[in-house]
Amino acid sequence: DWSSDVCSSDLSRLLDRAQAEKPKLAETADRVATYFTTALLSIVAIVGLVWWQIQPDRVLEIILTVLVVSCPCALSLAAPAAFAAAGSHLVQRGVLLTRGHALETLAKVTHFVFDKTGTLTLGQLNIVQTFTYADLDTNTCLQLAASLEKNSEHALAKAFLKAHGNQALFTADGVRNIPGQGIVGVVEGRQLKLGNAKLIALQNMPAIEVEDGASIVWLSDDKQLLAAFVLADQPRPQAQALISALKSSGMKVSILSGDATSAVAHFAELVGVDHWQAACSPEDKLHYIHTLQHQGEVVAMVGDGINDAPVLAGAQVSMAMGSGTQMARATGDIVLLTENLMEIEHAVVTSRFGINIIRQNFIWAIGYNLVALPFAATGLISPWMAAIGMSVSSLIVVLNALRLK
């Protein structure tokens, strides 16, 4: 099912952006068609002059035949027809291409990089344990944390709000998100921090043993540690199958996450990912992506949160989860509207097939013109035959593109 979190106005803006951007292959086809048309007019002039010397009464017929038989319709349709068919097919399966280059770049990807929470996991975090360290009880600590998170779109915020229930929240002032670390703000006169150990930065942090895959979120004020919340998440049902399918097709896979090392290591082992980094800030993720690109990798990034926006923009092609934040969707070249992760692998297969279809269309369109033009120039075919040949050529290109449906 498509995510209900993606409203129609968001989809409309993304579709408008996709339609405004022309794929690079389509631009190449347009340039080739322009050069072809210029060359064709030169050939027509030469053929006309030759026939004027040989048989003047057939000049108009021959020129008309040459113009009709070599019309660049098939060449101009070669790429757009395939892109339209592939885009239509993918959107029916819940994969929305929002930038012109997305399909052709996806076909070249050599390395997939995933965010963890909300992307490879369900993003439905639950607070499974709470430890308090000050004169505040568990409910008050939850109330303070939920007050800080009430306007956030992050999966962590949903966990705190869900755990707090329908109780009244405090007013939070000066709330700021610290990318890759957590959130800060003033609640009930306390300067609070809610996030990972890097954000809290207190000496003698208590050691907490948690189950494999769980993460710890700390709450402190400007003087002392107030609480620690242990949160757990579940992998999406198709996460392991997706990673296996991508690796089987020859691609490398990595995970970049802001979560604790123990949680990321356990999850990476669970889904079969060998390369991962934990406790990553947005800058760390972007640096990792740039390192891969400098090594010659074509990188696809898949994420869902505000913190993923920079790295989504930095990758050659990016996928945003439809259930993610609006900023992630706006940054992504592709938006995954379905919860089925296997559609990512299907999109890769479709993109590769689509590029093959475009190549076939180009070969056919150019080959047809190279074969038909000499027959037209020598007067061996008539205008009506040229019209049929041109129409059939364009029809073949369109029918070949429809194989993507």
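Above this note sits the structure.
What counts, and where the lines are drawn
Residues numbered from 1 in each chain as written. Predicted model: local features only at pLDDT ≥ 70, side-chain atom pairs only at ≥ 80, totals over all residues. Heavy atoms only, no water. Pairing = 2+ DSSP bridges. Helix = DSSP H or I, 4+ residues; strand = E, 2+ residues; numbered from the N terminus. Core = buried A, V, L, I, M, F, W, Y, C linked by side-chain atoms within 4.5 Å. Buried < 20%, exposed > 50% of the residue type's maximum accessible area, 1.4 Å probe, protein only. Contact = heavy atoms within 4.5 Å. Axes fitted to C-alpha atoms, helices over the stretch in contact; angles between N-to-C directions. Arc of directions from axis to C-beta. Phe/Tyr/Trp six-rings, centres within 6.5 Å; stacked < 30°, edge-to-face > 60°. Lys NZ or Arg CZ within 6 Å of the ring centre and 35° of its normal.

A. Broad picture of the pairing of strand β4 (residues 172–178). Sheet topology places β4 next to strand β5 (residues 182–187); 5 bridges connect them, and they run antiparallel. Directly across from Ala172, in β5, lies its bridge partner Val187. Here β4 folds back onto β5 in antiparallel fashion, the turn holding 3 residues, of which Gly180 has a positive phi close to 80°.

B. How the structure looks around the nonpolar core. Core analysis: the biggest nonpolar cluster contains 53 residues, and Leu106, Phe112, Phe114 and Ile344 have the highest contact counts within it. The greatest single-element share of this core, amounting to 10 residues, is contributed by helix α4 (residues 73–92). Excluding its chain neighbours within four sequence positions, the residues that come into contact with Phe114 are Thr119, Leu120, Leu242, Ile243, Leu246, Val253, Ser254, Ile255, Leu256, Met301, Val302 and Ile344. Core analysis: the second largest hydrophobic core is formed by 22 residues, Ala146, Ala155, Ala172 and Leu226 among them.

C. Broad picture of the sheet that holds strand β11 (residues 299–303). Read from one edge to the other, the open sheet built from 7 strands follows the order β1-β13-β12-β11-β2-β9-β10, with strand pairing classed as mixed. Both outer strands of the open sheet, β1 (95–97) and β10 (275–277), are each paired with one neighbouring strand and no more. On average, adjacent strands in this sheet sit at an angle of 20° to one another, irrespective of strand direction. Relative to strand β9 (residues 252–256), strand β2 (residues 111–114) is paired through 4 bridges, and the arrangement is parallel. Of the residues in β9, the one forming a bridge with Phe112 is Val253. Packing against the sheet, helix α15 (residues 342–377) makes contact with β1, β2, β11, β12 (317–321) and β13 (334–336), and its axis sits at approximately 155° to β2.

D. Structural view of unusual backbone geometry. A positive phi is found at Glu188, a non-glycine position, where the angle reads about 50°. Tracing the chain through its elements places Glu188 in the loop between β5 and β6 (190–195).

E. Spatial organisation of helix α3 (residues 59–69). Those residues of α3 that fall on the buried side of the exposure criterion are Val59, Ile62, Thr65, Val66 and Val69. Looking straight down α3, one finds that the buried residues subtend no more than 135° of arc, so they occupy a single side.

F. Just the packing of aromatic side chains, in detail. Applying the stated rule across the entire model yields 3 aromatic pairs. Look at Phe112 and Phe114: their rings are 5.8 Å apart centre to centre, the planes differ by 20°, and that puts the pair in the stacked class. Accessibility assignment for this pair places Phe112 and Phe114 in one class, buried. One cation-aromatic arrangement involves Lys116 over Phe267; the distance from NZ or CZ to the ring centre is 5.5 Å.

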